Amino acid sequence: MIEKKQQIINKLGLHARAAAKLSHLANMFSSDIYLIYDEDKVNAKSLLGILTLAASVGSEITLQATGEDEKEAIEAIGGLFDRKFDEES
Amino acid sequence: MLRIKGKAVSPGIAMGRAQLHDVIREVVLAESIGERAVEREIWRLENAVKKSRAQLKKIHLGLQKIMGKDAAFIIETQVMLLGDSHLLGEIKETIKGKLVKAEWAIHSVEKKYLEIFRAIPDLSFKAKSNDVSDVLNRLISNLKRSAPVRAAATAPPGPVILVADDITPSEAATLMSHKRLLGLVLNKGGETSHTAILARTLGIPAILDTGNATELIASDDTVALDSVRGEVIVQPTPEVAAEIGGKIDKFTLYKERLKELSQLPELTRDGHQFHLLANIELPFESEIVQSYGAKGIGLYRTEYLYLDSKAGISEDEQYLVYKKIAQNIFPHPLVVRTYDLGRDKSESARSPREENPSLGLMAVRRFLRDREPFKTQIKAVMRANASGNIRILFPMVTEVEEVRAIRAIMAEAKKELQRAGAYPKRDVQVGIMLEIPAAVRLIRHLGNDVDFFSVGTNDLIQYLLAVDRNNADVAHLFSPFHPAIVHILKEIRREADRAGKEVAVCGEMAGRRLPALMLLGLGFANFSMNALAIAEIKGVFTRIHYSRLRRIVSRLEFFATRGEIEGFLRTELEKAYPGLLQESQGSA
């Protein structure tokens, strides 16, 4: 299992579109992937789950992956956060 | 007879039979199944997903026909949820694990998520729970073999006025694109604007936020809907019904005259020029405002762009939106007002809770602290100005320092764009809103740093009179005819002239007959309003003589009370132009 802390830097936070991109990406990996925010832990492969975090800009999220491709998964998803979900120039 | 007040979100008058729409939620029972039935339940679920997907697609196409590409945002989240394999997986797991029918599995998953969403303080996320319910209920109703979509989502039998507690985004879309609705009355409706936008676009009179209309109206009651007054009249007396009938005729006439009016020059009878522009909130509105007679967009409120998760807020996305609107309205001007965030309750929980938001960290104040989104917006506006008709407007300015800080950010933005080779030849003109009395007092100084002013009358009245018009206990004190308002408007006109700067009026006053006439008489010539008010105001303005109006208005400053001011104005204008102020729109 590996973990990585990730800050949300896109202005709208994990809104529907960003959440859809995130869950879509997570589903491409076989590892179990979770997002942990405060007390809440949700499956990163679930769009609805991500939405329930209501994580806005500035929040710190922990990515957690367990499985064969955990390293690649964390890298790819971390990258999506860093690229602000490709929604800002 | 009974009158119910509400928020008129789409103009028009209608009368007809009420049809109460109870939210027909499928009654879902916890039916257990044997292990061997699991496969079958999952198959039913998958079928329902397919059906639902097809239905949403159809709704989307229907919307696209009437709204253009922007239609997507109304059901986009639902389409995404339906495509969420994890959500479906969760439902399937529930079927398997608890051995229940698909209906119950969906129901319990919905319940779980609604509870989670309920606890979220951030409204922009909360709105999503509507979407979750909407799409999951669609699934449930599609589980039935013959799958009649929920009663509400089918066309009502014959022309009726639909009365409901609230309707979901997809219901609103389906119901309204069937053109069989005479009108719409909802208990709720404040939370999402989808219904309002649709009603307006399609010309269906709608009164929302009535609180308890469904308790006061029964199916088959005769109901009249007067969205000029924001009123629903239940079982009108014959006299009132006749009056409403007259209004409907006049409104029809008015709509016919719209076209005619929009061709008229913007001149009073004695040749004094005025300009009428539209306020818009959504990009697609820019495609229709000219047909209402608008000669430009005097106020584009960009908050929606910011709050609506669909539009995102990247510079590129904003740039495209502004450019498109500017092109739609070209050669007329487009005034883009930067985000006025911070006071609205729809605002995200990002801002720490403030005791007194309307005196707090809002609009320009907020952005001078958190500059990046502000600069992004400014850059997008600058880049979009290739056609040269864009102006930028900053709200809630109270001091010269703010304007200088804004100017400094604009200079940076310009430099950055120039370096990237993305700066068009022309600078955008810069204006500020006059809505806090302090800014009015500083016009002569502010005038050195800006190109134009725009008066936001609603806030100006609120801040000058210390009245929140949404507070029922004091709303009656909110009046454009308060002597202090008349004085401050005079001051604005005088000081702006002295500073040699243009000044427009973009609050609600500009779109109502008597206040608009007062403004014209005070010397204001640029008005921006709800597009639907333009024809009416134009009809009134083209009927009067500016010189005469000016004489009447010049006497207002001698009165000490709002009663006298309003009374005098009304009497004198009625005397000079009989019928000018009659509320019925046809008389324009």
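Note that the structure is a prediction, hence the values are computed from the model and not measured.

Cut-offs applied
- Residues numbered from 1 in each chain as written.
- Chains lettered and ligands numbered in written order.
- Predicted model: local features only at pLDDT ≥ 70, side-chain atom pairs only at ≥ 80, totals over all residues.
- Heavy atoms only, no water.
- Helix = DSSP H or I, 4+ residues; strand = E, 2+ residues; numbered from the N terminus.
- Expected span 1.5 Å × (residues − 1).
- Buried < 20%, exposed > 50% of the residue type's maximum accessible area, 1.4 Å probe, protein only.
- Arc of directions from axis to C-beta.
- Contact = heavy atoms within 4.5 Å.
- Buried area = accessible area lost by both parts, 1.4 Å probe.
- Salt bridge = Lys/Arg side-chain N within 4 Å of Asp/Glu carboxyl O.
- Polar contact = N/O pair within 3.5 Å; in protein donor to acceptor, adjacent residues only side chain to side chain.
- Nonpolar A, V, L, I, M, F, W, Y, C, P; charged D, E, K, R; others polar.

### Here we look at helix α4 (residues 102–118) of chain B
Residues and elements named next belong to chain B.
Stage number 1. Taking 1.5 Å per residue, 17 residues should reach 24 Å; α4 reaches 24 Å between its end C-alpha atoms and fits that length.
Stage number 2. A102, E103, A105, I106, V109, E110, Y113, L114 and F117 are the residues of α4 that are buried. Axial view of α4: buried residues confined to an arc of 165°, hence all on one face.

### Some details on the interface of chain B and chain A
Interfaces are often sized by the amount of accessible area the parts lose when they come together.
Stage number 1. The interface of chain B with chain A comprises 27 residues on the first partner and 22 residues on the second.
Stage number 2. Where chain B abuts chain A, roughly 2,200 Å² becomes buried across the two surfaces, and 69% of that area is made up of carbon and sulfur atoms.
Stage number 3. Here chain B and chain A share zero salt bridges between them.
Stage number 4. For the pair chain B and chain A, the interface holds four residue pairs in polar contact (both at pLDDT 80 or more).
Stage number 5. The set of elements that each furnish at least two residues to the side of chain B that touches chain A consists of α2 (72–82), α3 (85–98), α4, α6 (128–142), α12 (315–329) and α14 (371–384) of chain B.
Stage number 6. No other element matches the four residues that α2(B) contributes to the side of chain B that touches chain A.
Stage number 7. Looking at the side of chain B that touches chain A residue by residue, the class counts come to 12 nonpolar, seven polar and eight charged.

### Concerning the pattern of salt bridges
All names here are of chain B.
Stage number 1. Under the criterion given, the structure shown has 32 salt bridges over all chains.
Stage number 2. The partner of K375 in a salt bridge is E416, with the nearest N and O atoms 2.7 Å apart. Pair noted here: K375 is in helix α14 and E416 is in helix α15 (residues 400–419), with a separation of 41 residues, a long-range link.
Stage number 3. Its relative accessible area of 9% is what places K375 among the buried residues.
Stage number 4. Residue E416 is classed as partly exposed on the basis of its relative accessible area of 27%.
Stage number 5. For R498, the salt bridge is made with E495, and the minimal N-O distance between the two is 3.2 Å. Of the two residues, R498 and E495 both sit in helix α19 (residues 483–499), three residues apart, roughly one turn of that helix.
Stage number 6. Looking at R498, the relative accessible area reads 58%, which means it is exposed.
Stage number 7. Since its relative accessible area comes to 5%, E495 is described here as buried.
Stage number 8. One continuous salt-bridge network, built from bridges that share partners, spans E315, D316, K375, K379, R383, E412 and E416.

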